[in-house]
Structures are given as C-alpha cells and as structure tokens.
Amino acid sequence: MTEPTSPLTHFDPHGQAHMVDVGAKPASHRVAVAQGSIRMQPATFELIAAGNAKKGDVIGIARIAAIQAAKRTAELIPLCHPIALTRVAADFRLDAQLPGVHCIVTAETVGATGVEMEALTAVQIGLLTIYDMCKAADRGMVIDGVRLLEKRGGKSGTVRRPGHRP
C-alpha cells in the first residue's frame, strides 16, 4: 500500500524535506506581487514623511533593502531555488490615516519556478528596514498584512487575491 502524496511539495514520499525538482518545467514569464504595512505613531510617520529621520531617507533605503532581499531570497529560505530576477520594483506609499507605510513589491523572472517568495521576502525586509531606521523614535511599530496579492505564469496561470486589482 502506498502512502498518500502530500500537497506540500517540499517533502518526499517518506516525509523528508527536499528541494523540488523544476528541471523538466518549461520556462515562462512569471510575476508575483506582494504587499504589507507598518503602523506607527503619528510623530514617527511625520519624521518619515518630512524626510527628517535621524538616519536619513528612510523610504529610499527601505526600497534598496527590499530589492536586495528579493535577490537574496534563496540564501534565506532553505528550499527556495536561486533564480535570475529580471525585475524587482518596490513601491512605498505613505498613509497618514494608518498612520504608516504600505509596501508593494513586484518581482519578475523568466524561468521554471515562480517568484512569490522573492516578492514576500522583499516586502518583509523593506518594512523591517523602516522599523530599524525608526526604532529609536518608536518601538511600538507593527508590521502586518503581509500577503501575496497576485502571481502570474507557470502551470497555474494567474491567481489573484479577491479584491486585488492589478
């Protein structure tokens, strides 16, 4: 009697972790969009918005950190394939109502595996960079709502989170 196959692709039939074999999959253009937010005190928000943070241009540095994180995702997540990214765009939107900052990252490649992990990692690191740069003023910041909004390409085609419009 054979054991049922797990829907978790990073485990073999014996339950051992392994890197998924994508060698036979055709290359296709793949895109992933992820989002998250960081909430903070109004005074901290004003420091970022005015560009007067003690450590400099918070959003500019967070953007570079997010892009760098996407490029290094396979070093951080053990079973993630290293992939050649063709594009990473990190957009940060100030939201006075929150108050805080929303980060939206789009990652792209042409390859045999998707870029969801790269987009999600980039969002997290971009937001953590904001936290790091502003923690002297506000240790109560909260990162939340990190999620995949959309993925395109590959066998499963396009998948969008309900309510997300590209």
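Along each chain, residue indices are assigned from 1 in the same order as the chain's sequence is written. Local features in this predicted model are restricted to residues of pLDDT 70 or higher, and side-chain atom pairs are both shown and tallied only at a pLDDT of 80 or more, whereas totals for entire chains, interfaces and linings draw on every residue. Side-chain measures were taken over the full set of non-hydrogen atoms in the model, leaving aside hydrogen atoms and water.

As a further point, take the overall build of the chain. The helix and strand inventory of the chain stands at 4 helices and 5 strands. Secondary structure elements are defined from DSSP: runs of H or I of at least 4 residues count as helices, runs of E of at least 2 residues count as strands, and each element is numbered from the N terminus. Secondary structure of the chain in N-to-C order comes out as β-α-α-α-β-β-α-β-β. Buried residues in the chain amount to 37% of all 166 residues. Any two residues having at least one pair of non-hydrogen atoms within 4.5 Å are treated as being in contact. Pairs at least 24 residues apart make up 69% of the contacts formed inside the chain by residues separated by at least 6 positions. With residues, only the protein chains shown are counted as cover, and all accessible areas are computed by Shrake-Rupley using a 1.4 Å probe. As displayed, the chain offers around 9700 Å² of accessible surface, 57% of which is attributable to carbon and sulfur atoms. Note on classification: 1.4 Å probe, protein chains only; a residue is buried when its accessible area is under 20% of the maximum for its type, exposed when over 50%, partly exposed between these limits.

Attention now goes to the confidence of the model for the chain. Confidence scores per residue from the predictor, reported as pLDDT, run from 0 to 100. Model confidence for the chain is summarised by a mean pLDDT of 89, while 89% of its residues fall at 70 or above. Per-element averaging of pLDDT across the chain places strand 5 (residues 159-160) at the bottom with 88 and strand 2 (residues 85-95) at the top with 98.

A separate point is the nonpolar core. Soluble globular proteins: nonpolar side chains tend toward being buried together. Ranked by internal contacts, the top residues of the largest apolar core, which has 27 residues, are Ile 38, Met 40, Ile 48, Phe 92, Val 101, Val 105 and Ile 130. Those elements that place two or more of their residues in this core are strand 1 (28-39), helix 1 (42-50), helix 2 (58-71), strand 2, strand 3 (100-111) and helix 4 (116-134). When residues no more than four places from it in sequence are discounted, the contact partners of Val 105 are Ala 32, Val 33, Ala 34, Val 88, Ala 89, Ala 90, Ala 119, Ala 122 and Val 123. Each nonpolar core is a collection of buried residues, namely Ala, Val, Leu, Ile, Met, Phe, Trp, Tyr and Cys, held together in the definition by side-chain atoms within 4.5 Å.

For the rest of this paragraph, the subject is the pattern of salt bridges. A pair is scored as a salt bridge if a Lys or Arg side-chain nitrogen falls within 4 Å of a carboxyl oxygen belonging to Asp or Glu. The final tally for this structure, using the stated rule, is 7 salt bridges. Arg 93 is paired through a salt bridge with Asp 91; the nearest N and O atoms lie 2.7 Å apart. Classification of Arg 93 as partly exposed rests on a relative accessible area of 46%.

Attention now goes to the environment of Val 20. Along the polypeptide, Val 20 turns up in the segment before strand 1. For Val 20, a relative accessible area of 22% puts it in the partly exposed group.

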